[in-house]
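Notes for the structure review
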Amino acid sequence: MKEKLIREFKNIFKEEEGIRLFFAPGRVNLIGEHTDYNGGHVFPCALNIGTYAAVKKRDDNKLRFFSGNFAEFGIIESSLEDLLYKKEALWTNYPKGVLWALNEKGFKIETGFDMYIWGNIPNGSGLSSSASVEVLTGYACKNLYGCSITLAQIAHLAQYAENKFNGVNCGIMDQFACAMGKKDNAIFLNTNNLSFEYLPFKLENSKIVIACSNKKRGLGESQYNKRREECEKALIDIQRVKKADSLGSLTEEEFEEVKEYIKDPICRKRARHAVYENQRTLRAVNALKARDIKEFGRLMKESHISLRDDYEVTGIELDTLVQSAWEIEGVVGARMTGAGFGGCTVNIVENQAVDTFIEKVGTKYFETVGYRADFYTVDVGGGPTEL
Ligand code: ADP
Ligand code: MG
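Quantities reported herein were computed from a predicted structural model and do not represent experimental measurements.

1. Details of the overall build of the protein
Counting its regular elements, the protein contains eleven helices and twelve strands. Here the C-alpha atoms of the protein give a radius of gyration of 21 Å, agreeing with the 21 Å that 2.2 N^0.38 yields for 387 residues. The principal-axis extents of the C-alpha atoms in the protein amount to approximately 65 × 50 × 40 Å. Within the protein, the fraction of its 387 residues that count as buried is 49%. Residue pairs in contact within the protein that sit at least 24 positions apart in sequence constitute 71% of those at least 6 positions apart.

Written out as structure tokens, the structure reads:
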């Protein structure tokens, strides 16, 4: 990998010396979906796939970017004087957003850089390639310019950049999981107060297999905002009869007692998912602590059903991937992951069943939707590093 990155950098920027190499992971959310903006818990882990960078500091204030994944756009130039969102800056709005945020928060970046990046996670598929690029940029700047910034601060800054510079209304989970990843551990994060705990997630006899539907999210963004509004409405109705800071603060029993006060039946269904999914995440973590991976898998299935029936964010593509996975012997758990409407599923598959899984799910998917899914067999990786 190092040789490839250096070779590409030299080819593109015609520079030889002083090149430094960095990596930041993507992430997958194991359980706890659409709970992050409801004050609930999430349970993501960083992956051993993500985004690589070869970077060299410049003497002037120019910024030059090139992505091996978007080679058709060539070198995209900018400068430290031009840290504004621009449509024509394309993907470079993500690293530029981080530079802008560093500047806003008082970290001094005095000279520009040349940056080549290349990612081996799918884009726009719910594995947080955008957060991976942002954390990568923050981490590279920390090392190149000696910014005294912690990994947790990089996570916050990257989220700030995605929200305020790129105008994407995401919670903290993605950037947090990418920046704070720890090898063979998942992160049990309370999105209400950002307290977190690392939990060993080292599978002895199984692998994490990610199936990418190759269905782009399309309408996903407007639907995502709609779900957020529906949950907010449900909470307001509940607050008329019960003190509750968020849907994530309610137990299932408490929800059942007050649910009739949620006027709109659609909002009631959305809230039921938010409450039950949060409680399910707590149970899944307890199952893992008790080394009961079977129970963890069962809860993953429940999670998918709730996302399909109550939250209605799955669709034929994700349902086909997950339902065909459930039928295969040796599949411990399978569910959609990320915002939904496309993107990926996360599967825990016993080692001996991985090949059958990929073949059977892949075939069924192609027969049903008419194009192929991609499969990634991954490990739980650590946070950003210099190579
Ligand atoms: P996700 O974060 O789920 O992968 P997003 O839509 O949030 O999906 O982010 C995808 C965008 O992030 C891409 O369209 C691109 O702008 C940027 N991006 C991610 N990875 C790369 C990469 N390797 N090279 C250039 N841009 C990238
Ligand atoms: Mg993203």
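2. What about the UniProt feature "site: Transition state stabilizer" (unreviewed entry) in the protein?
Following the UniProt record, the feature "site: Transition state stabilizer" (unreviewed entry) maps to R27 here. By the element assignment, R27 lies in strand β1 (residues 20–31). Non-local contacts of R27, meaning those with residues more than four positions away in its chain, are made with P44, C45, A46, L47, L127, S128, D174, A177, C178 and G181.

3. A word on the sheet that holds strand β8 (residues 206–212)
Backbone hydrogen bonds hold the strands of a sheet together, and the pairing may be parallel or antiparallel. Strand order in the open sheet made by the four strands is β9-β10-β8-β11, with antiparallel pairing throughout. Two strands in the sheet have a free side with no partner beyond their single neighbour: β9 (331–337) and β11 (374–378). Taken pair by pair, the neighbouring strands of this sheet meet at an average axis angle of 20°, ignoring direction. Sheet topology note: the β8/strand β10 (residues 344–350) ladder contains seven bridges and is antiparallel. Paired with K207 across the strands is V349, a residue of β10. Along the sheet, helix α9 (residues 293–309) contacts β9 and β10; its crossing angle with β9, the most-contacted strand, is approximately 30°.

The rules behind the values
The numbering scheme is per chain: residues are counted from 1 as the chain's sequence reads. As a convention, the first chain written is A and the first ligand written is 1, with the rest following in written order. Local features in a predicted model are, by the rule used here, given only for residues with pLDDT of at least 70; side-chain atom pairs are given and counted only at 80 or more, and totals for whole chains, interfaces and linings are based on all residues. Strands here mean DSSP runs of E at least two residues long; helices mean DSSP runs of H or I at least four residues long; both are numbered from the N terminus. We compute the radius of gyration from the C-alpha atoms alone; for a globule the expected value is 2.2 Å times N to the 0.38, where N is the number of residues. In this scheme every C-beta is placed from the backbone, and a residue whose C-beta has 20 or more other C-beta atoms within 10 Å is buried, one with 12 or fewer is exposed, and one in between is partly exposed. Contacts here follow a simple rule: the backbone-placed C-beta atoms of the two residues must lie within 7 Å. UniProt positions are given in the numbering used here, feature names are shortened, and annotations may be inferred rather than shown by experiment. Here the rule is simple: two strands pair whenever DSSP picks up at least two bridges between them. Geometry is summarised by axes, namely lines fitted to C-alpha atoms with helices restricted to the contacting stretch, and by angles between N-to-C directions that run from 0 to 180 degrees.

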